Amino acid sequence: MKGDGVTAKGNAGRAFHPVDRVRDWWAEAPQWQRYTVYLALIVFALILPAPWIGQFMSPQSDWTTVLFYPIGTYILLAIGLNVVVGQAGMLDLGFVAFFAIGGYTLAYFGTKHGLDFWATVVMGIVLAAVSGVILGAPTLRLRGDYLAIVTLGFGEIVRITANNTNEIGGARGITNVPHPSPVFGMKFLLDPAPYYYLIVAAIVLVVVFSVRLQKSRVGRAWAAIREDEDAAELMGVPTFKFKLLAFAIGAMIGGLAGGIFASKAIFIEPNTFPFILSATILAAVVLGGAGNLPGVILGAFVIAWLPERFRFIAEYRILLFGAVLVLMMALRPEGLLPSRQRKAELHEGTGGMGTMGAEVPGPDSDASAAEVGTK
Amino acid sequence: MLQELQNQFLTSTVGGLVIGSIYALVALGYTMVYGVLRLINFAHSEIFMIGTFASLVTLTTIAPTAPLGGFAMIGVLILIVIISAAVSGASAMLLELIAYRPLRKKGATRLAALISAIGASLFLQELFGLEVINWLTGKPGRNQQSAPRFVDRDTVFTIGNADIRTDHILVVIGAIIVMVILDQFVSRTKLGRGIRATAQDPEAAVLMGVSIDNIVRVTFLLGGAMAGVAAAFYVMEIENTDYRVGFVLGIKAFTAAVLGGIGNLRGALMGGIVLGLVENWGAIFLGSEWKDVIAFVILVAVLMFRPTGILGESLQRARA
């Protein structure tokens, strides 16, 4: 191939890229070094609400509150959506539905039946997973882009149903959602700090869970499905089951986020869960680098934090997300911090749904030119 | 009771046919682009939204003081249809140029193209909500904008107790005329043959000397123009619009396209009408607040039981 020389040079040069050096070190780091890093990250998360950091990060609003919502909540949601979009390669445009189901379960059983947070949050997770399976079972056999529209429809169905059902408050929503009962002497009242620690704990839990999954047989099956579903099926991967599993696990994480969010918010209504939230979380996953957890967390952080820090952005937030999505897809479809594998997939033009029709290469876009162009 | 149900049924049928015609026109855009590019043009709903504002601005510029009748009414309608179709068609071409062409040239994945489409949709919606509508109308962009009435809403005749009004007839007849023109264009002209050839087999089409870029451009132009026509009828019938008007209507039109068999022009017509009727009939029993849910449930049900739609995929060979 004509482009080989250029590509090889590109590869050799890449090892000096700081991100790649970090990755190479990480891949070979002994266990104690890794645990030190984990510990440092957790300590960092715990001192993050400190006022002196807040002064810079969020001068206009209470930093700890911002850390809980949107930042922490978006990160949790993005990790959940990443399982579906990044790992299994399916496009879900109605992820907010599971967030809503988690939130409404907690609010409904908490206010009407007086159940405790810890019980209702588990119920929310289970119900979200069940609804994920109910939605997924008939639709996951569809081609990827149909799935996107069906999930979008599902998100709207959940919202409109909540709006039209008086039993769960209708358009007025549910007020006085109970706070969690105290744990380890931490009381969950109006102070945002305990909620922040709660969501950090949830994020740590979900990250560990997600990483373990990714490295297991399940994760490899997802990667195979993402790259080439037909080939995966031929190799004996029960693709439907694994897609359903990805959907259910994503839904569970969404439900967990919904429960935690509702217990802090006290009040939820159908419009707390608009389509735009699904699109925002998708933007976070894509911006960060679908399939790569640090990237996804970074993406969610950026998308949640920027409008809070720079208030003039807030109004133009969605406009910017839209432009970012278009630009990212044209310039860097793998995201800011992609996994190497995913990047390679995207540049080979595989990964998920195959290419568009009418994609016959023209004279200005033959294969070698494409390789050089994308470095 | 039964009498009442029968009357409601007739009124709903008229309403369903009218809104169904509009769904059908918008569905054409989804179906054509999907046929050629295998891409759900998610931003098509925004092309429709832009069309409603083209119609609205034209109408407020003409500013009819009273509802018109006869030739003046038809003249104004044709004028807003043409302007709206031109604006929407041009927007769709621009959209293709900016959001999709670079991806197509790179051979990007369909997932990437769909995400780009979603981005373009969000961008256009917000651009109108924040800036453009205010600039066009001088009113806050987030508010609903109402259009002046220019069609005399006389009852022409009644069936049972369902009034068939002038505007109902105009929408349905107008939609049929436009669709016949499009159908003839695609089946008779050279460009139309190019579109069908590209939909069937892009590589073979290139070898036969079809310029793919040109075909894609024409496809977006035609699909956008159809959305523009739909937008003009929408403004005439509903008499208001806002920056989010395309969102739900777009999903429904896509449902109509899938229902009729995506890639199939005549299927889009049928899917639009069927969807309009079913959602209006369903609303008799469940209440009109459930209309959208009915439409989405139909979408899921069709995809479950007959993913190729009622008429199947015919503009293209069905490929997974």
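Residues numbered from 1 in each chain as written. Chains lettered and ligands numbered in written order. Predicted model: local features only at pLDDT ≥ 70, side-chain atom pairs only at ≥ 80, totals over all residues.

Q: Just to check I follow, could you spell out the overall build of chain A for this structure?
A: Summing up its helical and strand segments, chain A has 17 helices and zero strands in all. For chain A, the residues scored as buried account for 48% of the 375 residues in total. Excluding contacts between residues fewer than 6 apart, the proportion of contacts in chain A whose partners are at least 24 apart in sequence is 77%. (Helix = DSSP H or I, 4+ residues; strand = E, 2+ residues; numbered from the N terminus. Buried ≥ 20, exposed ≤ 12 C-beta atoms within 10 Å, placed from the backbone. Contact = placed C-beta atoms within 7 Å.)

Q: Is there a simple way to explain helix H5 (residues 166-188) of chain B in this structure?
A: Note that an α-helix has 3.6 residues per turn; residues three or four places apart therefore point the same way. For H5(B), with 23 residues, the first-to-last C-alpha span of 32 Å sits near the 33 Å given by 1.5 Å per residue. Among the residues of H5(B), Asp167(B), His168(B), Val171(B), Gly174(B), Ala175(B), Val178(B), Met179(B), Leu182(B) and Val186(B) are the ones counted as buried. (Expected span 1.5 Å × (residues − 1).)

Q: Honestly, the interface of chain A and chain B in this entry has me stumped. Any pointers?
A: For interface size, the figure often reported is the accessible area lost on association. Chain A puts 48 residues into the contact, and the matching count from chain B is 48 residues. Elements represented by at least two residues in the side of chain A that touches chain B include exactly helix H7 (117-139), helix H8 (144-164), helix H13 (275-288) and helix H15 (311-331) of chain A. When the residues that make up the side of chain A that touches chain B are grouped by side-chain class, the tally is 30 nonpolar, 13 polar and five charged. (Nonpolar A, V, L, I, M, F, W, Y, C, P; charged D, E, K, R; others polar.)

Q: Would you take a moment to explain the nonpolar core for this structure?
A: Burial of nonpolar side chains together is a common tendency in soluble globular proteins. Core analysis: the biggest nonpolar cluster contains 217 residues, and Leu76(A), Ala78(A), Leu25(B), Leu114(B) and Ala230(B) have the highest contact counts within it. In terms of residue count, the dominant contributor to this core is helix H8 (residues 212-238) of chain B (18 residues). Those residues in contact with Leu114(B) that sit more than four places away from it in its chain are Leu91(A), Asp145(A), Ala148(A), Leu39(B), Ile40(B) and Phe42(B). (Core = buried A, V, L, I, M, F, W, Y, C linked by C-beta atoms within 7 Å.)

Q: I tried to follow the packing of helix H6 (residues 96-112) of chain A against helix H12 (residues 239-265) of chain A on my own but got confused; where do I start?
A: Residues and elements named next belong to chain A. In the contact formed by H6 and H12, the axes pass within 6 Å of each other and the chain directions differ by 45°. Viewed along their axes, H6 and H12 adopt a mutual orientation that is oblique. Note that H6 runs across H12; the crossing there is right-handed. When H6 is examined against H12, the residues Phe98, Phe99, Ala100, Ile101, Gly102, Gly103, Thr105, Leu106 and Ala107 are found in contact with a partner set consisting of Ala251, Gly254, Gly255, Leu256, Ala257, Gly258, Gly259, Phe261, Ala262 and Ser263. In the contact of H6 with H12, the residues fall into eleven nonpolar, eight polar and no charged. (Axes fitted to C-alpha atoms, helices over the stretch in contact; angles between N-to-C directions. Parallel < 35°, antiparallel > 145°, perpendicular 65-115°, else oblique. Left-handed = near helix turned anticlockwise from the far one by under 90°.)

Q: Help me out: how do you make sense of the pairing of strand E3 (residues 162-165) of chain B in this one?
A: If a strand is regular, its side chains alternate between the two faces of the sheet. All names here are of chain B. In the sheet, strand E2 (residues 155-159) pairs with E3 via four bridges, with the strands oriented antiparallel. Along E3, the bridge assignment pairs phenylalanine 157 with isoleucine 164. From the end of E2 to the start of E3, which pair antiparallel, there are two residues, and glycine 160 there has a positive phi angle of about 60°. (Pairing = 2+ DSSP bridges.)

Q: Even after reading the chapter, I still don't get the environment of Arg220(A), so can you show me in this structure?
A: Mapping Arg220(A) onto the fold places it in helix H10 (residues 217-227). A sequence separation of 155 residues divides Arg220(A) from Thr65(A), and the C-alpha atoms of the two residues are 38 Å apart.

Q: Sorry if this is basic, but what is going on with the confidence of the model for chain A here?
A: Detailed reading of the predicted model is not advised wherever pLDDT is low. Per-chain confidence: chain A averages 84 in pLDDT, with 88% of residues scoring 70 or above. Contacts of residues 359-375 of chain A to residues separated by more than four positions or lying in other chains number 23 contacts, the stretch itself having pLDDT below 50. (pLDDT = per-residue confidence, 0-100.)

Q: Sorry if this is basic, but what is going on with the packing of H8(A) against helix H4 (residues 110-137) of chain B here?
A: To describe two helices that pack against each other, one gives the angle between their axes and the distance between the axes. Contact pair H8(A) / H4(B): the axes reach a minimum separation of 10 Å and the direction vectors enclose 35°. Residues Gly144(A), Asp145(A) and Ala148(A) of H8(A) lie in contact with H4(B), whose contacting residues are Arg110(B), Leu111(B) and Leu114(B). Of the residues that constitute the contact of H8(A) with H4(B), the class distribution is three nonpolar, one polar and two charged.

Q: It is not clear to me how the confidence of the model for chain B should be interpreted in this structure. Could you clarify?
A: All names here are of chain B. Per-residue confidence for chain B gives a mean pLDDT of 89, with 97% of residues at or over 70. Contacts for the low-pLDDT stretch residues 315-320, under 50 throughout, to residues beyond four places or in other chains number 14 contacts. Across the assembled chains, the prediction reports ipTM 0.87 with pTM 0.87.

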